[in-house]
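# An overview of the molecular structure
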Amino acid sequence: MRVAVFGYQSWGHRTLSAVINAGHEVALVVTHPKSEHPYEKMWADSVEDLAKEHELPVCVAERVGEDVLKALRASAPDVIVANNWRTWLPSEVFDLPKYGALNVHDGLLPEYAGFSPILWALLNRESHVGVTVHEMNEVLDGGPIVAQQAIPVGSVDTTTDLVAKTLDLIEPLVERALNDIAQGTATKQPQDLTRATYFHKRSEQESRIDFTQPAEDIALLVRAQSDPYPNAYFEFRGQRIRVLSAHVSQGRFGGTPGRITVPHEGGIAVVCGSRRANAPSPAIVLDRVRLDDDSELPATEFFGHRAGYIEPRV
């Protein structure tokens, strides 16, 4: 089949690799220009470079305009595959090919449509994450499912771990979906949109630690906001302290949430919220932190014997 690929960053790179390796003819590659935006410098394998390496026709654009539509019509693809195309695609794009257009989404649809599905799923203590290949239509992430695979979330997995694992699902799923379409054996399972959930982009403020929350929730936030993503952080004496690792204490601490207490279990214990004010409950033990100058050090070294209160989240 003749396949047009819309994609960006490592997700698009894996998708284009799948089309090439499956032996389909790449009719056109459409990707975004390189960016200095911090998010877009993560997982930044270049779709443009891969296309040029294989001498494939490529358009570089921020969004679909008349130039991209003209190139797409001229390329006459049988199907489009999109992954991490970051701007709206008009219906004339996915209605153009004979077999329509597929989108590759790093979530287990119909749940976790939208943005950052892996991070949100981890925060919500989901047992599995995964990748879905679905037909595109006017409903965002809402078209019939063509292929899907789930993987379990391990007890210490970070968002970074899970992103890496789901990236490895992309190529076999895309190859399977395209081969099924080519052979006329593809199944299209309509999504039960009554089960759909949509999540928004995360902002910097959502990485700030709220010490009135239980220690278990704070430890989970630290895992979810793992490098290279913006780390969970708090403010202490005018400096932003980013938490690289932390754990829930075995011992229990009472008092005011956000109070830095004593060295404990190899780190520094900070009082967290409990079901009853001031009642003893597990603390969050800060193990390793990063400072404003990007230096990293054990929390015990940074805090030493300095106690005090962490500035409350506002």
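From a predicted model like this one, the values you see are computed outputs, not experimental measurements.

Procedures and definitions
- Residues numbered from 1 in each chain as written.
- Predicted model: local features only at pLDDT ≥ 70, side-chain atom pairs only at ≥ 80, totals over all residues.
- Heavy atoms only, no water.
- Helix = DSSP H or I, 4+ residues; strand = E, 2+ residues; numbered from the N terminus.
- Buried < 20%, exposed > 50% of the residue type's maximum accessible area, 1.4 Å probe, protein only.
- Contact = heavy atoms within 4.5 Å.
- Areas by Shrake-Rupley, 256 points an atom, 1.4 Å probe, with all protein chains shown as cover.
- Lys, Arg positive; Asp, Glu negative; His and termini not counted.
- Charge placed at Lys NZ, Arg CZ, Asp CG, Glu CD.
- Patch = residues over 30% accessible without salt bridge, like charges linked within 9 Å, V, L, I, M, F, W, Y side chains within 5 Å.
- Salt bridge = Lys/Arg side-chain N within 4 Å of Asp/Glu carboxyl O.
- Pairing = 2+ DSSP bridges.
- Phe/Tyr/Trp six-rings, centres within 6.5 Å; stacked < 30°, edge-to-face > 60°.
- UniProt positions renumbered as here; feature names shortened; annotations may be inferred.
- Polar contact = N/O pair within 3.5 Å; in protein donor to acceptor, adjacent residues only side chain to side chain.
- Core = buried A, V, L, I, M, F, W, Y, C linked by side-chain atoms within 4.5 Å.

## Re the overall build of the protein chain
The helix and strand tally for the protein chain stands at 8 helices and 16 strands. By residue count, 50% of the 314 residues in the protein chain fall in the buried class. A fraction of 67% describes how many contacts in the protein chain between residues 6 or more apart in sequence connect residues 24 or more apart. Surface summary for the protein chain: the accessible area is close to 14,700 Å², and the carbon and sulfur share equals 50%. For the protein chain, the distance from the average position of its 30 positive side-chain charges to the average position of its 42 negative side-chain charges is 6 Å.

## Quick look at a nonpolar patch on the surface
A cluster of nonpolar residues, Phe-115, Leu-140 and Tyr-198, forms a patch on the protein surface that exposes about 310 Å² of accessible area. Note that Leu-140 resides in the loop between β7 (128-135) and β8 (145-152).

## As for the pairing of strand β13 (residues 267-270)
Here strand β12 (residues 259-264) runs beside β13; their pairing, made up of 3 bridges, is antiparallel. Bridge assignment links His-264 to a residue of β13, and that residue is Gly-267. The hairpin formed by β12 and β13 contains 2 residues between the paired strands, and Glu-265 there has a positive phi angle of roughly 50°. Relative to strand β14 (residues 281-290), β13 runs antiparallel, the two being bridged by 3 bridges. Residue Ala-269 lies in a different strand from β14, and its bridge partner there is Val-285.

## Looking at the pairing of strand β4 (residues 79-83)
Within β4, 5 of the 5 residues are buried, leaving the element largely enclosed by the surrounding structure. Burial along β4 is two-sided: the face carrying Val-79, Val-81 and Asn-83 and the face carrying Ile-80 and Ala-82 are both buried. Bridge analysis of strand β1 (residues 2-7) against β4 gives 5 bridges, and the strand direction is parallel. Paired with Phe-6 across the two strands is Ala-82, which belongs to β4.

## Things to note about the pattern of salt bridges
Across all of its chains, the model carries 16 salt bridges by this definition. With a closest N to O distance of 3.3 Å, Glu-36 and Lys-41 form a salt bridge. For Glu-36, a relative accessible area of 64% gives the class exposed. Between Asp-227 and Arg-290 there is a salt bridge; the shortest N-O distance is 2.8 Å. Of this pair, Asp-227 sits in the loop between α7 (215-224) and β10 (233-236) while Arg-290 sits in strand β14, and the two are 63 residues apart along the sequence. What makes Asp-227 partly exposed here is its relative accessible area of 36%. The network of salt bridges with shared partners includes Glu-66, Arg-73 and Glu-92.

## Digging into the packing of aromatic side chains
Scanning all chains against the criterion turns up 10 aromatic pairs. Between Phe-6 and Trp-85 the ring centres are 5.4 Å apart and the planes differ by 85°, which places this aromatic pair in the edge-to-face class. Here Phe-6, found in strand β1, pairs with Trp-85, found in the loop between β4 and α4 (91-94); they are 79 residues apart in sequence, far enough to count as distant. Taking 6.3 Å as the distance between ring centres and 55° as the angle between the ring planes, the aromatic pair formed by Trp-11 and Trp-43 counts as tilted. You can see Trp-11 sitting in helix α1 (residues 9-21) and its partner Trp-43 sitting in the loop between β2 (25-31) and α2 (47-53), a full 32 residues away along the chain.

## Thoughts on the environment of Ser-203
With respect to the element layout, Ser-203 can be found in the loop between β9 (198-199) and α7. Since its relative accessible area comes to 38%, Ser-203 is described here as partly exposed. Distance from Ser-203 to Ile-260, taken between C-alpha atoms, is 26 Å for residues 57 residues apart in sequence.

## Observations concerning the UniProt feature "domain: Formyl transferase N-terminal" (unreviewed entry) in the protein chain
Feature annotation in UniProt assigns "domain: Formyl transferase N-terminal" (unreviewed entry) to the following positions: residues 1-169. Summarising residues 1-169: 31% helix, 26% strand, and an end-to-end C-alpha distance of 22 Å.

## A word on the side chain of Arg-202
Here Arg-202 shows up in the loop between β9 and α7. The buried charged residue Arg-202 lacks any salt bridge, with Glu-206 as its nearest oppositely charged partner at 4.8 Å. Only 2.8 Å separates the side chain of Arg-202 from the backbone oxygen of Glu-206, close enough to count as a polar contact. Among the polar contacts listed, one links the side chain of Arg-202 to the side chain of Gln-225, at a separation of 3.0 Å. Setting aside anything within four residues of it in sequence, one finds Arg-202 in contact with Ser-116, Leu-119, Trp-120, Leu-123, Ser-207, Leu-221 and Gln-225.

## Some thoughts on the nonpolar core
Leu-16, Leu-102, Phe-211, Phe-234, Ile-284, Leu-286 and Phe-303 are the most contacted members of the largest nonpolar core, which totals 72 residues. If you tally residues by element for this core, the top one is helix α6 (residues 159-183), at 10 residues. Those residues in contact with Phe-234 that lie beyond four places of it in its chain are Ile-209, Phe-211, Gln-239, Arg-240, Ile-241, Val-243, Leu-286, Phe-303 and Ile-310. Membership of the second largest hydrophobic core comes to 18 residues, among which are Ala-4, Val-64, Trp-85 and Val-93.

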